[in-house]
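One letter stands for each residue in the lines below.
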Amino acid sequence: MRVNENFRELPENYLFAEIARKVADWEVRHPAERLIRLGIGDVTRPIPCAVKTAMLRAVEEMGDPQRFRGYGSEQGYSFLRETICRKDYLARGISLSEDEIFISDGIKSDCGTILELFGKDNIIAICNPVYPAYLDAAAICGRAGEYNPAAGGWTKLHYLPCVEENGFFPSLPTGRADLVYLCFPNNPTGAAATKDYLAQWVEWANRTDAVLLFDGAYERFIADPALPHSIFEIDDAKTCAIEFRSFSKTAGFTGLRCGYTVIPKALQRCGMSLHGMWKRRLSARSNGVSYIVQRGAEAVYSDEGEKQVQESIDYYMENAAVICRELRKSGFVVYGGKNAPYVWARRGEAMDSWRLFELLLNECGIVTTPGAGFGTQGEGYLRLTAFGDRKATAQALGRLEKLFH
Ligand SMILES: *Cc1c(COP(=O)(O)O)cnc(C)c1O
């Protein structure tokens, strides 16, 4: 008997456990005070009314002997795939066929399990700092090598620094990389990529036979009309990219669970169709996503749904604007927050992430996320999120201003 030895190498998820511990400790020491959370990576506004109505209708159908539905297509219902194709792609000048879209129960899992399509000896490139799920997925299936913090992290991963000097846009790999995780607008830095920037990656990937794994979870937060929403807005991306999109942050689906993965049929490697492989894998591994949830996701695209989604996004982005403005007033150097719900900030004078985190917690009762938790290059930064309540956010920043004045 053997277990998957890769789990031995996997470090515990220190970040959120450590934050929770420090917060619990604070609460014991300040029983009468109210904590304000600017660190949450979850939405707080409820699902749009149009989504709720569509799901209630779907529940009724499921309880009616004439309209009940059992297993659906593993790939997702055609009504949803067709709508996504039309509204998210065709409307932006991208032609996809609906069967190039795979509905899933959210993309955290897809971003990881996509590695099943690729050989074990591929080199994976990952941004630093990064959304930790990619790292963990690579490690669990043995693609990350050994974990050696003294040597900079996982020995087999190709780290791409996202730092102030490059505007948080990683440079093309200098050595070999077969798979590259990219996420724009970015969690945690809030950086949003231009077409020209992404075109360099597409050109590089087509030339080197690499595949881009493009996480577009925050696409709806893009406010600048010049910025691309999809990697497929770049010419020739269909031969080198896979895109992941989620209803989680867009439409409050973090608890409902729905997203989708786009794999163009034109994407071939080693004489195999990655589209065909993913389809085959899904039929082996999945029985699809709840009909009720897919009807809810479809309603995101109705006129009413679109309007309600936009209202929530506007609400969050106004929070982001307030956070950026107030942090600057208090002497922080601030990035992001314009086309992403994340603000990436550091002090003018160097201060390490955890010290800064503790200062804000102890002096102001504000919870943030230490940047170092997202990778070594996050040291010195804090991540603040726009997903909180408006009043609480404003109150938090008021406390902050007092501290630094
Ligand atoms: C929140 C988030 C996701 C969403 O994952 P779901 O499983 O669809 O909820 C994906 N990628 C990034 C970078 C995220 O921050």
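The coordinates are above.
The model shown is predicted, which means the values in this text are computed figures rather than measured ones.

**Focus: the packing of helix α11 (residues 303-329) against helix α13 (residues 390-404)**
- Following both chains from N to C, one finds α11 and α13 inclined at 5°, their axes separated by 10 Å at the closest point. Relative to α13, the element α11 is oriented roughly parallel. Contact residues: Tyr 315, Glu 318, Asn 319, Val 322, Ile 323, Glu 326, Leu 327 and Lys 329 in α11; Arg 390, Thr 393, Leu 397, Leu 400 and Glu 401 in α13.
- The class makeup of the residues in the contact of α11 with α13 is six nonpolar, two polar and five charged.

**Observations concerning the sheet that holds strand β14 (residues 342-347)**
- Spatially, β13-β14-β17-β16 is the arrangement adopted by the four strands of the open sheet, whose pairing is antiparallel. The open sheet has two free edges, formed respectively by β13 (332-336) and β16 (369-370), since each of these has just one partner strand.
- Relative to strand β17 (residues 381-385), β14 is paired through five bridges, and the arrangement is antiparallel. Bridge pairing in β17 links Arg 346 to Tyr 381.
- Lying over the sheet, α11 contacts β13, β14 and β17, oriented at roughly 155° with respect to β13.

**Section: the nonpolar core**
- With 129 residues, the main nonpolar core has Ile 114, Leu 212 and Leu 327 as its most contacted residues.
- By residue number, the principal contributor to this core is α11, which donates ten residues.
- With near-sequence residues (within four places) excluded, Ile 114 lies in contact with Tyr 181, Leu 213, Ile 242, Phe 244, Ile 263 and Trp 278.

**Some words on the pairing of β13**
- Alignment of β13 against β14, held across five bridges, turns out to be antiparallel. Bridge pairing in β14 links Tyr 335 to Trp 344.
- Adjacent in sequence and paired antiparallel, β13 and β14 are bridged by five residues, among which Gly 337 carries a positive phi angle near 75°.

**Focus on unusual backbone geometry**
- Look at the link from Asn 128 to Pro 129: it is a cis peptide, with omega at 5°.
- Positionally, Pro 129 belongs in the loop between β3 (124-128) and α6 (132-140).
- The peptide bond linking Asn 187 to Pro 188 adopts the cis configuration, its omega dihedral lying at 15°.
- Positive phi values are uncommon outside glycine, yet Phe 168 reaches one of about 70°.
- Classification of Phe 168 by relative accessible area gives buried; the value is 3%.
- Of note in the backbone geometry, Asp 209 takes a positive phi value of approximately 75° without being a glycine.
- Counting through the fold element by element, Asp 209 comes out in the loop between α7 (195-208) and β8 (211-215).
- When its relative accessible area of 48% is taken as the criterion, Asp 209 is described as partly exposed.

Parameters and conventions
Residues numbered from 1 in each chain as written. Predicted model: local features only at pLDDT ≥ 70, side-chain atom pairs only at ≥ 80, totals over all residues. Heavy atoms only, no water. Axes fitted to C-alpha atoms, helices over the stretch in contact; angles between N-to-C directions. Helix = DSSP H or I, 4+ residues; strand = E, 2+ residues; numbered from the N terminus. Parallel < 35°, antiparallel > 145°, perpendicular 65-115°, else oblique. Contact = heavy atoms within 4.5 Å. Nonpolar A, V, L, I, M, F, W, Y, C, P; charged D, E, K, R; others polar. Pairing = 2+ DSSP bridges. Core = buried A, V, L, I, M, F, W, Y, C linked by side-chain atoms within 4.5 Å. Buried < 20%, exposed > 50% of the residue type's maximum accessible area, 1.4 Å probe, protein only.

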